[in-house]
Amino acid sequence: MRLVLLGPPGAGKGSQAEVLSERLQLVRIATGDLLREAVRTKTPLGVQAETSMQRGELVPDTLVTAMVLERLPSTVDRGFVLDGFPRTEGQAVELDAALARLGTPLDLILDFETSPAMIQWRLAGRWICRPCSINYHVTNRPPARPGLCDRCHGPLEQRADDRPETIAQRLRVYQTQTAPLLGYYRRRGLLRAVNGDLAVETLYQELVALFRGERLWPAAT
Ligand code: AP5
């Protein structure tokens, strides 16, 4: 199965992508996580991306698209869930072309419809473990030991772009640059709205029902 998760910051894309990749054995490609890792390790990509990310703006298409396309061939057998990509029509067109070359077109685009109050609440309470790319939430998904990752026991931190003024900018960028993709995929008949306000497990169960209805899961053998 080949899925794209679309939705504003805090819609729960990353949390659901983690569950989908674990339970359905899909390759997860999370551009935000990959870029944060590039910034942390000061790769040439990270150096170029850092300022845009700190401002809550998009990293240039050419950089992000290359980073994703080089990973696609390794997903041919298992399928994938794309979390945070594409975010512009240019990225979507490049993705379609690359998948056409591989003979593995997209199956579904899930639009996480999430209320503004829920977005604010989730982002204000988010803590992350950078090395493990795991999201925690102070109320919803607290770690077993406060401030420490359950998996690696390293310290958790808040994301630099989760400051209120940067969240506001990310939401503006979503509306102007990414939301138009909804029309792009709706015209292709691939878009399905899902309720991003639901708890992660509840939404997962709804997605399984959706995949069954679309005859995408269990995967044909
Ligand atoms: P990215 O990391 O992709 O950030 P985002 O899209 O703004 O999304 P978030 O990670 O903020 O939210 P999410 O929907 O994944 O929610 P999450 O599951 O974490 O991108 C960061 C930056 O990188 C961008 O601003 C840009 O600069 C750059 N970038 C990335 N991709 C790019 C691209 N393609 N092109 C150009 N630039 C790009 O959940 C949030 C919190 O809520 C967590 O604490 C979680 O535990 C909790 N939570 C989540 N879901 C639920 C739920 N269902 N119920 C209860 N709690 C929940």
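The present account deals with the structure reproduced in this document. Computed from a predicted structure; not experimentally measured.

**Points about the overall build of the protein**
- Helix and strand counts for the protein come out as 9 helices and 7 strands.
- Computed over the C-alpha atoms, the radius of gyration of the protein is 17 Å, within 12% of the 17 Å expected from 2.2 N^0.38 for a compact globule of 221 residues.
- Taken along the three principal axes of its C-alpha coordinates, the protein extends 45 × 35 × 30 Å.
- Across the 221 residues that make up the protein, the buried fraction comes to 49%.
- Expressed as a percentage of contacts within the protein between residues at least 6 apart in sequence, the contacts between residues at least 24 apart total 69%.
- Total accessible area on the protein is roughly 11,100 Å²; 53% of this is exposed by carbon and sulfur atoms.
- Charged side chains of the protein number 28 positive and 25 negative; the gap between the two group centres comes to 1 Å.

**Focus on the side chain of R2**
- Relative to the helices and strands, R2 is located in strand β1 (residues 2-6).
- As a buried residue without a salt bridge, R2 has its nearest oppositely charged side chain in D107, at a separation of 4.1 Å.

**Side note on the nonpolar core**
- Judged by nonpolar contacts, the single largest core of 33 residues is most densely connected at L35, L72, L82, L95, L106, I109 and Y185.
- At the level of elements, β1, β2 (27-30), α2 (31-40), α3 (44-55), α4 (61-69), β3 (80-83), α5 (89-102) and α8 (180-187) are the ones that each hand at least two residues to this core.
- When near neighbours in sequence (up to four residues on either side) are disregarded, L35 contacts L45, A49, M53, V59, V64 and M67.
- Ranked by size, the runner-up nonpolar core spans 20 residues in total, among them L5, V19, L110 and V208.

Rules used throughout
Residues numbered from 1 in each chain as written. Predicted model: local features only at pLDDT ≥ 70, side-chain atom pairs only at ≥ 80, totals over all residues. Heavy atoms only, no water. Helix = DSSP H or I, 4+ residues; strand = E, 2+ residues; numbered from the N terminus. Rg over C-alpha atoms; globule rule 2.2 N^0.38 Å. Buried < 20%, exposed > 50% of the residue type's maximum accessible area, 1.4 Å probe, protein only. Contact = heavy atoms within 4.5 Å. Areas by Shrake-Rupley, 256 points an atom, 1.4 Å probe, with all protein chains shown as cover. Lys, Arg positive; Asp, Glu negative; His and termini not counted. Charge placed at Lys NZ, Arg CZ, Asp CG, Glu CD. Salt bridge = Lys/Arg side-chain N within 4 Å of Asp/Glu carboxyl O. Core = buried A, V, L, I, M, F, W, Y, C linked by side-chain atoms within 4.5 Å.

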